[in-house]
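Observations on the three-dimensional arrangement
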Amino acid sequence: MAQRTIMHIDMDAFFVSVEQMLNPELKGKPVVVGGKPDQRGVVATASYEARAFGLHSGMPLVTAVRLCPQAIFIEGSFPKYREASEKFMGILADFSPFIEPMGLDEAYLDVTGFESLHGSIRQMALEIKKRVREETGLIASIGIATCKVVAKVASATSKPDGLIELTAGDEATFLAPLAIDKLPGVGKKTEQVLRGRGISTIGKLASMPPDILKSRFGVFGIMLHRYANGIDDRAISPRGDASSISRETTFARDIGDRVFLSDKLSYLTEKVGADLRQHGKQTRCITIKLRYSDFTTITRSHTLSQSTDTDQAIFQVGEDLMRKALAADRRAIRLIGIEVSNLVEPGKQLSMLNGNEQRQEKLNRAVDRIRTKYGFSAIQTGRTLWLKDIFPEGSDDQTPPTPNLPR
Ligand code: DCP
Ligand code: CA
């Protein structure tokens, strides 16, 4: 592969910085977003002043209060963060069309060959930081390297308000002294296993024979070996062109009731399915999204071997993903969403489907026809019917009824 230049841009203390920008009295102080001190949740993010006291994302609020009683605790509000995120991504899109947003506050840019436009890539990064600061009031840190994983570690290492540009060939040397949990992909469990074997730095991990890592971790072990050596040929994959369709909804209060969540998911799935069929597409990848009361957000995906566009098939996968996620973390849910991506042209003729699939296919088409004529709520399946009483029509859809545009 020809040598590339990849930039990873990540906002510093994102939620807190948005709050500080909107209320300058909070600047320079220990601030926590995630909830009030007497609430049960965890820290979503802590300002760097609060981090000096040992506070970090995911820490229970009670612990945060104990370590730093003088901190200012804010519940936070998602629309503000989304607005800041949209401005941020908009600025980045001005610099390169090859942009891959990751969540709200970080993105990769492929900037291979862009030096001639800006004098140098470093100069380009400084211009990005300047525009982000001027137009959003927020601080972004940037890592520049020949691949994603190294660029990401570089931006994280440079924080706060940092910029690290690595020269090609220096990747492994840069990573070597860092603790293994700094390597993307290494979560708590992997870290424990590695440390248990005396592997505490990325350099140590890099020198492990790949076969040994493979026998312990499977293909993930091979990935670890490559990442630790600064090797990563993942491309930047822009997510613009109607490549996904999603619906999500935020609840007025946190919901713990599994049946209710399932029914809500079913309702959102019907909307996604209708949209999908209207676009004449089928999906191969189904993703659910859950946000807990402390704003922690998880997504779980499943890739199908065969594409589909029926509500039933999509729901089956979505519900299964949700059930597993809810079993692993029993906290109440603030937001639920479903997305179909990896959209393809229908590959199968109706005649190739089995009897049951044919019936579902025909039923979906009939429902779509009626809905096109009389509106979405003209027909609701049994599962979703009673949701109408709780959520008046139109009150829940936060996503515009079009496929996702660049985020
Ligand atoms: N977030 C969250 N729960 C977590 C981690 C993060 O809700 N367990 C939210 C709050 C963060 C935002 O996502 O502000 C971005 O996460 P980052 O990991 O990028 O952390 P920050 O931007 O807060 O800090 P920094 O990037 O400066 O380390
Ligand atoms: Ca961040």
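Our subject in this report is the structure included herewith. (Residues numbered from 1 in each chain as written. Chains lettered and ligands numbered in written order. Predicted model: local features only at pLDDT ≥ 70, side-chain atom pairs only at ≥ 80, totals over all residues. Heavy atoms only, no water.)

The next point concerns the overall build of the protein chain. Broken down by element type, the protein chain carries 17 helices and 12 strands. Looking at the protein chain residue by residue over its 407 residues, the buried ones come to 47%. Counted over contacts in the protein chain with a minimum sequence separation of 6, partners at least 24 positions apart contribute 66%. For the protein chain, the accessible area works out to roughly 19,800 Å², and carbon and sulfur atoms hold 54% of it. (Helix = DSSP H or I, 4+ residues; strand = E, 2+ residues; numbered from the N terminus. Buried < 20%, exposed > 50% of the residue type's maximum accessible area, 1.4 Å probe, protein only. Contact = heavy atoms within 4.5 Å. Areas by Shrake-Rupley, 256 points an atom, 1.4 Å probe, with all protein chains shown as cover.)

Six octahedrally arranged donors around a metal ideally form angles of 90 or 180 degrees; four tetrahedrally arranged donors ideally form angles of 109.5 degrees. Protein coordination at the calcium ion (ligand 2): the donors are Asp10 (OD), Met11 (O) and Asp105 (OD), at 2.1 to 2.3 Å from the metal. For the calcium ion (ligand 2), the six donor atoms in the first shell make angles of 76 to 172° at the metal, so the coordination geometry reads as octahedral. When the donor residues of the calcium ion (ligand 2) are listed from N- to C-terminus, their spacing reads D-M-x93-D. You can see Asp10 sitting in strand β1 (residues 6-11) and its partner Asp105 sitting in the loop between β5 (99-102) and β6 (106-110), a full 95 residues away along the chain. (Donors = N, O, S within 2.8 Å, 3.2 Å for Na, K, Ca; no water. Tetrahedral: all angles 85-135°; square planar, octahedral: opposite > 155°, others 65-115°.)

On to the sheet that holds strand β9 (residues 244-255), then. Strand order in the open sheet formed by four strands is β9-β12-β10-β11, and the pairing between neighbours is antiparallel. The open sheet has two free edges, formed respectively by β9 and β11 (297-308), since each of these has just one partner strand. Strand-to-strand twist of the sheet, defined as the mean angle between neighbouring strand axes without regard to direction, takes the value 15°. For β9 and strand β12 (residues 333-344), the ladder comprises eight bridges, and the chain directions are antiparallel. (Pairing = 2+ DSSP bridges. Axes fitted to C-alpha atoms, helices over the stretch in contact; angles between N-to-C directions.)

Take the packing of aromatic side chains next. Under the definition given, this model contains nine aromatic pairs. An angle of 10° between the planes, with centres 4.1 Å apart, marks the rings of Phe15 and Tyr81 as stacked. A residue pair is termed long-range when its members are at least 10 positions apart, and Phe15 in helix α1 (residues 14-22) and Tyr81 in helix α4 (residues 78-95) qualify at 66 residues. The exposure class of Tyr81 is buried, given its relative accessible area of 0%. Here the aromatic rings of Phe78 and Phe295 are separated by 6.0 Å at their centres, their planes lie at 20°, and the arrangement is stacked. Residue Phe78 is located in helix α4, and its partner Phe295 is located in the loop between β10 (282-292) and β11; the two are separated by 217 residues in the primary sequence. The class of Phe78 is buried, set by a relative accessible area of 13%. Every member of this aromatic cluster is reached through a ring pair, and the members are Phe14, Phe15, Phe78, Tyr81 and Phe295. When the ring centre of Tyr48 is taken as reference, the NZ or CZ atom of Arg51 above it lies at 4.2 Å. Here the basic side chain of Lys148 rests over the ring of Tyr108, its NZ or CZ set 5.1 Å away from the ring centre. (Phe/Tyr/Trp six-rings, centres within 6.5 Å; stacked < 30°, edge-to-face > 60°. Lys NZ or Arg CZ within 6 Å of the ring centre and 35° of its normal.)

It is worth spelling out the site of ligand 1 at this point. Of all residues adjacent to ligand 1, which total 15 residues, the nearest are Ala13, Phe14, Thr45, Tyr48 and Arg51. One of the side-chain nitrogen or oxygen atoms of Thr45 is found 2.3 Å away from an oxygen atom of ligand 1. Within the side chain of Tyr48, a nitrogen or oxygen atom sits 2.7 Å from an oxygen atom of ligand 1. Relative to its unbound accessible surface of 550 Å², ligand 1 loses 74% to contact with the protein. Of all the secondary structure elements, the ones that give two or more residues to the shell around ligand 1 are β1, α1 and α2 (48-51). Classifying every residue of the shell around ligand 1 by side-chain character gives seven nonpolar, three polar and five charged. (Near = heavy atom within 4 Å. Polar contact = N/O pair within 3.5 Å; in protein donor to acceptor, adjacent residues only side chain to side chain. Nonpolar A, V, L, I, M, F, W, Y, C, P; charged D, E, K, R; others polar.)

Attention shifts here to the packing of helix α13 (residues 258-278) against helix α14 (residues 311-328). Packing of α13 against α14 brings their axes to within 9 Å, and their N-to-C directions diverge by 145°. Along this stretch, α13 crosses α14, giving a crossing that reads as right-handed. Contacts between α13 and α14 pair Arg258, Leu261, Ser262, Leu265, Ser266, Thr269, Glu270, Gly273, Ala274, Leu276 and Arg277 from the former with Asp311, Ile314, Phe315, Gly318, Glu319, Met322, Leu326 and Ala327 from the latter. (Left-handed = near helix turned anticlockwise from the far one by under 90°.)

Moving on, we get to the side chain of Ser85. If you trace the backbone, Ser85 turns up in helix α4. The class for Ser85 is buried, based on a relative accessible area of 6%.

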